[in-house]
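Okay, here's what each chain looks like letter by letter:
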Number of protein chains: 2
Amino acid sequence: MVPIVSNSSNRMPKYIAIAAVTLDGKIARHKNHMSDWTSKEDKVFMRALLDKCDVIIVGNNTYKTAVGPLSKRNCIVLSKTAEPSPLTRGDVAQRVTERLLYANPQKTNLKKLIRALNYKKIAILGGAQTYTYCLQNNLFDEIYLTIEPIIFGQGVDLFAPSPSEGRVGERVQKHKLKLFSIKKLNKQGSLLLHYKK
Amino acid sequence: MVPIVSNSSNRMPKYIAIAAVTLDGKIARHKNHMSDWTSKEDKVFMRALLDKCDVIIVGNNTYKTAVGPLSKRNCIVLSKTAEPSPLTRGDVAQRVTERLLYANPQKTNLKKLIRALNYKKIAILGGAQTYTYCLQNNLFDEIYLTIEPIIFGQGVDLFAPSPSEGRVGERVQKHKLKLFSIKKLNKQGSLLLHYKK
């Protein structure tokens, strides 16, 4: 059995968000919408990148929509209802299998947990709450953003303002990034953008 | 004085949306936020494109934030409170100056009005309600979308679901486009994408 603890070298953990959005910045049409609308080229890219990562941070809802493929990979599933059990000093997380670990983001120091587990390359797979949590908690070094040439008109945003942020316009966080590479994935124009903070 | 009626040839009117968004698909941080966050390269591009257009369709709020530069161009300002006065057969619009015309989108057949005024190249400058109105009413042939390498985390979407569309997930319109060109505008990675329907 492949251990959940990574054998990577001693470098600093790198947090890599992976997301596909519509031209109007939506990651889904509604809360329970799966990623059946993304191009096959994006899916191929995503799988190849996940192959290179040590672990995936994913929200509970997103995990449930893709249990099949994700159960074969190391995952830390963020869930506010995860029952804490001592795992590493000062952290709480609930191990389900060798590959699957639940963590309550409100009770767990995720950065510390990742360090304790010696993961070096961490994929952030969404959904909106998970992207937002990682962005706000400095677990966000890069993003691979696929822009599909489609408009939903409305739907789920890449980032979800937390209730504590108050109404739109108040306490909005701003983050500057730098575009690192551009790749056109197919004829229709699915575009893979790689940004770094 | 330059007449508001265009002298363009007999081709069909082309509706070209122009928008700048953050990496997370926001056109502003809040309702009254001006476009002070976009790159100077994007502003240069926008002005050059507007120079080639016969008229600008713009919402009243957006118009107010840029009265100075926009007052020098032919504008149709969309406003729900515009007072109708007969202009062309079957249409209502309120002319303020040679260059400025107010139209109530709920009472005006904008397509018919544009045809009557003989405009051929129409720029749609936003904001969200105006982009949405044009998208939903088939006044949307192309979009020049500048993606600035910045994250707002929350803010104003490119498209605004109308109240009649009900809750998120219901009656969402989907539009497929094709990526026509990509241009990196500066070192930081502001990206100009041109899509056609």
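A short tour of the structure in this document, coming up. Owing to the predicted nature of the structure, the values given are computational and were not obtained by experimental measurement.

Right, let's get into the sheet that holds strand β5 (residues 94–95) of chain B. All names here are of chain B. Here we have 9 strands laid out as an open sheet, ordered β5-β6-β4-β3-β7-β1-β8-β13-β12, and mixed in their pairing. Bordering the open sheet on either side are β5 and β12 (178–184), each of which pairs with just one other strand. Here 2 bridges tie β5 to strand β6 (residues 100–103), and the two strands are oriented antiparallel to one another. Along β6, the bridge assignment pairs Q94 with Y102. Lying over the sheet, helix α1 (residues 40–52) contacts β1 (14–22), β3 (55–59), β7 (121–124), β8 (142–148) and β13 (191–196), oriented at roughly 170° with respect to β1. Relative to the sheet, helix α5 (residues 128–136) contacts β1, β3, β4 (75–78) and β7, its axis offset from that of β3 by approximately 115°.

As a further point, take the interface of chain B and chain A. Put simply, an interface is often sized by how much accessible area is lost when its parts join up. Taken together, the contact pairs 43 residues of chain B with 43 residues of chain A. Buried surface at the junction of chain B and chain A, both sides included, amounts to about 3900 Å², of which 63% is carbon and sulfur. Sorting the residues of chain B by area buried against chain A places L23, I151 and Q154 of chain B first, and these three jointly supply 19% of that buried surface. Seen at the junction of chain B and chain A, the total is 2 salt bridges.

With that settled, consider α5 of chain B. With 7 of its 9 residues buried, α5 of chain B lies for the most part within the structure. Buried residues of α5 of chain B: A128, T130, Y131, T132, Y133, C134 and L135 of chain B, and no others.

We now examine the relation of the copies chain B and chain A. Here two copies of a chain appear, and what relates them is a rotation about an axis with a shift along it. Least-squares fitting of chain B to chain A yields an RMSD of 0.0 Å, with the transformation described by 0.0 Å of translation along the axis and a rotation of 180°. Seen this way, the second copy is the image of the first under a two-fold rotation axis. Distance from the rotation axis, computed per C-alpha, reaches its smallest value in chain B at G25 of chain B: 2.1 Å.

Let us now look at the pairing of β7 of chain B. Residue and element names in this part refer to chain B. Pairing of β1 with β7, which is carried by 4 bridges, proceeds in the parallel orientation. For I16, the partnering residue across the bridge sits in β7 and is A123. In the sheet, β3 pairs with β7 via 3 bridges, with the strands oriented parallel. In the strand pairing of β7, V55 is matched with I122.

Let us now look at the environment of K52 of chain A. With respect to the helices and strands, K52 of chain A occurs in helix α1 (residues 40–52). Residue classification places K52 of chain A among the exposed positions, given a relative accessible area of 55%.

This part takes up the pattern of salt bridges. This model, assessed by the stated rule, comprises 8 salt bridges over all chains. As a salt-bridge pair, K26 of chain A and D157 of chain B come within 2.7 Å of each other at their nearest N and O atoms. In this pair, K26 of chain A sits in strand β2 (residues 26–28) while D157 of chain B sits in strand β10 (residues 156–157), so the two residues belong to two different chains. The exposure classification of K26 of chain A matches that of D157 of chain B, with both residues buried. Shared partners join several salt bridges into a network, and the residues in it are K26 and D157 of chain A together with K26 and D157 of chain B.

Criteria and cut-off values
Residues numbered from 1 in each chain as written. Chains lettered and ligands numbered in written order. Predicted model: local features only at pLDDT ≥ 70, side-chain atom pairs only at ≥ 80, totals over all residues. Heavy atoms only, no water. Pairing = 2+ DSSP bridges. Helix = DSSP H or I, 4+ residues; strand = E, 2+ residues; numbered from the N terminus. Contact = heavy atoms within 4.5 Å. Axes fitted to C-alpha atoms, helices over the stretch in contact; angles between N-to-C directions. Buried area = accessible area lost by both parts, 1.4 Å probe. Salt bridge = Lys/Arg side-chain N within 4 Å of Asp/Glu carboxyl O. Buried < 20%, exposed > 50% of the residue type's maximum accessible area, 1.4 Å probe, protein only. Least-squares fit on C-alpha atoms with pLDDT ≥ 70 in both.

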